[in-house]
Amino acid sequence: MLKKVIKKLDLERLSEFFKDIRFYMGHCALEGVMGEAYVDNIDNPKIAILLVRQYCFMSGEIEKNDLRKLIEDDLRKYKIIPSDNLKVLIEEIYKDNIIKNERYSIKKNPIFNCKELQSNITDLSSEYKIKAIDEVLASRIKNEKFINITDNYEKYGIGYCCLYNDEIIGVASSNIFYKNGIEVNIRVKEEYRRKGIATAMASKLILKCLEINKKVSWDAANLSSVGLAEKLGFQYDSTYNIYHF
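Residues numbered from 1 in each chain as written. Predicted model: local features only at pLDDT ≥ 70, side-chain atom pairs only at ≥ 80, totals over all residues. Heavy atoms only, no water.

1. A closer look at the nonpolar core
- Among the nonpolar cores identified, the biggest contains 56 residues, and F57, I197, W218 and F234 are the most heavily contacted of them.
- A per-element tally of this core places helix α8 (residues 197–211) first, with eight residues.
- With residues up to four places along the chain from it excluded, the contact list for I197 reads L124, Y128, C162, I169, V188 and Y192.
- The next biggest cluster of nonpolar side chains, apart from the first, holds 20 residues, and it includes I47, C56, M58 and I98. (Core = buried A, V, L, I, M, F, W, Y, C linked by side-chain atoms within 4.5 Å. Buried < 20%, exposed > 50% of the residue type's maximum accessible area, 1.4 Å probe, protein only. Helix = DSSP H or I, 4+ residues; strand = E, 2+ residues; numbered from the N terminus. Contact = heavy atoms within 4.5 Å.)

The following block contains the structure:
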């Protein structure tokens, strides 16, 4: 039976389980600002789990049958990001009965060229308008199910959207947030891609984060996202697997 971790000191102790870069998004749960943390034993944990949005970060030691029961009872609806030893067990348990996708970790200490970022914004065609996301736009984005963005946006959110004739065609925004930064989530409608919109929105977001002393983190679901990240000043780190049903 897993136990929820809520005390700051206990959360800090769990950081030993999640040092790998693939677990970086889980840090918001370790910081106690977003998501939840669970362990098998508060005083002497052998396995730790972080639940953030649709993601489950999992690290530690557990018997195969106990892992199967844990997943079946509590974790089937999540996208599971396991440590290497648990990845082996998951693949042994489910073989071809689980979906495995690759994701791409991006290094967390980017060096940005502010002049190039500003140029990315000014190069965008004037027919597209980039606006800071306020509560009204945040509500529109959520109602249209355009992309996942930060809840309680006025307090925690930061981002920009691209409008074309008042239609939302692109969003670059915080989704997961940390005490000192954000994780970027970005989407452009397919018919408007390859026009510099994603680059311009992300550049605007990065410059704003630099202005207010927030770190910007990026984790890529595909190689196109890796390419955009590298264009902006990030560096690719490694590939990892994510599992879901």
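2. Remarks on empty space enclosed by the protein
- As enumerated under the stated definition, the model contains one cavity of 30 Å³ or more in all.
- Around the largest cavity, the lining residues are V5, D10, R13, L14, V39, I42 and P45.
- Tallied by class, residues from the lining of the largest cavity come to five nonpolar, no polar and two charged. (1 Å grid on protein atoms, 1.4 Å probe; cavity = no way out; pocket = protein on both sides within 12 Å on 5 of 7 lines; lining within 4 Å. Points joined across faces, edges and corners; volume = space filled by probe spheres on them. Nonpolar A, V, L, I, M, F, W, Y, C, P; charged D, E, K, R; others polar.)

3. Some remarks on the pairing of strand β6 (residues 99–106)
- Of the pairings in the sheet, the one linking β6 to strand β13 (residues 236–244) comprises eight bridges and is antiparallel in character. Bridging across to β13, K100 finds its partner in Y243.
- With two bridges joining them, β6 and strand β12 (residues 219–220) adopt antiparallel strand pairing. Its bridge partner lying in β12, Y104 is registered against A220. (Pairing = 2+ DSSP bridges.)

4. What to know about the side chain of S173
- In this fold, S173 is placed in strand β9 (residues 167–177).
- Overall, the relative accessible area of 0% leaves S173 in the buried class.
- Here Y153 takes part through its side chain, which lies 2.8 Å from a polar atom of the side chain of S173. (Polar contact = N/O pair within 3.5 Å; in protein donor to acceptor, adjacent residues only side chain to side chain.)

5. Remarks on helix α3 (residues 64–75)
- Of the residues making up α3, those classed as buried are L67, L70, I71 and L75. For α3, the angular spread of buried residues about the axis comes to 95 degrees, placing them on one side. In α3, the exposed positions angled more than 90 degrees off the buried face are occupied by N65 and K69.
- Where α3 is buried, its residues contact β3 (47–52), β4 (55–60), β5 (79–82) and α4 (84–94). (Arc of directions from axis to C-beta.)

6. Focus on the packing of α3 against α4
- Axis separation between α3 and α4 bottoms out at 10 Å; the angle between their running directions is 80 degrees. By the criterion of interaxial angle, the relationship of α3 to α4 is roughly perpendicular. Contact with α3, carried on its side by K64, L67, R68, I71 and E72, involves L86, L89, I90, E92, I93 and Y94 of α4 and no other residues of that element.
- For the contact of α3 with α4, a count of residues per class yields seven nonpolar, no polar and four charged. (Axes fitted to C-alpha atoms, helices over the stretch in contact; angles between N-to-C directions. Parallel < 35°, antiparallel > 145°, perpendicular 65-115°, else oblique.)

7. Re the packing of aromatic side chains
- One pass over the structure, following the stated rule, counts 11 aromatic pairs.
- Ring geometry for Y128 versus Y192: centroids 6.4 Å apart, planes at 85 degrees, classification edge-to-face. On the criterion of sequence distance, the pair formed by Y128 in the loop between α5 (114–122) and β7 (129–132) and Y192 in the loop between β10 (181–188) and α8 is long-range, its members being 64 residues apart. Pair check on accessibility: Y128 and Y192 agree, each one buried.
- When the centroid spacing of 4.6 Å and the interplanar angle of 15 degrees are considered together, the rings of Y156 and F177 count as stacked. (Phe/Tyr/Trp six-rings, centres within 6.5 Å; stacked < 30°, edge-to-face > 60°.)

8. Describing the pattern of salt bridges
- According to the stated counting rule, one finds 16 salt bridges in the structure shown.
- With a closest N to O distance of 3.0 Å, R22 and D20 form a salt bridge.
- The salt bridge partner of K189 is E167, with a shortest N-O separation of 2.7 Å. Here E167 lies in strand β9 and K189 lies in the loop between β10 and α8, a separation of 22 residues in the sequence.
- Sharing partners across several salt bridges, the network here consists of D20, R22 and D84. (Salt bridge = Lys/Arg side-chain N within 4 Å of Asp/Glu carboxyl O.)

9. Notes on the layout of surface pockets
- A volume near 900 Å³ is recorded for the largest pocket.
- Here the lining of the largest pocket gets six residues from one element, more than from any other, and that element is β10.
- Of the residues in the lining of the largest pocket, the class split is 14 nonpolar, nine polar and eight charged.

10. Points about the sheet that holds β9
- Spatial ordering of the open sheet is given by β7-β8-β9-β10-β11, a layout of five strands whose pairing is mixed. If you trace the sheet from one side to the other, it starts and ends with β7 and β11 (215–217), each paired once. With strand direction ignored, the average angle separating the axes of adjacent strands in the sheet is 30 degrees.
- One ladder, built from six bridges, connects strand β8 (residues 159–164) with β9; its direction is antiparallel. Along β9, the bridge assignment pairs C161 with V171.
- Contacts from helix α6 (residues 135–143) reach β7, β8 and β9 within the one sheet, and its direction differs from that of β9 by about 100 degrees.

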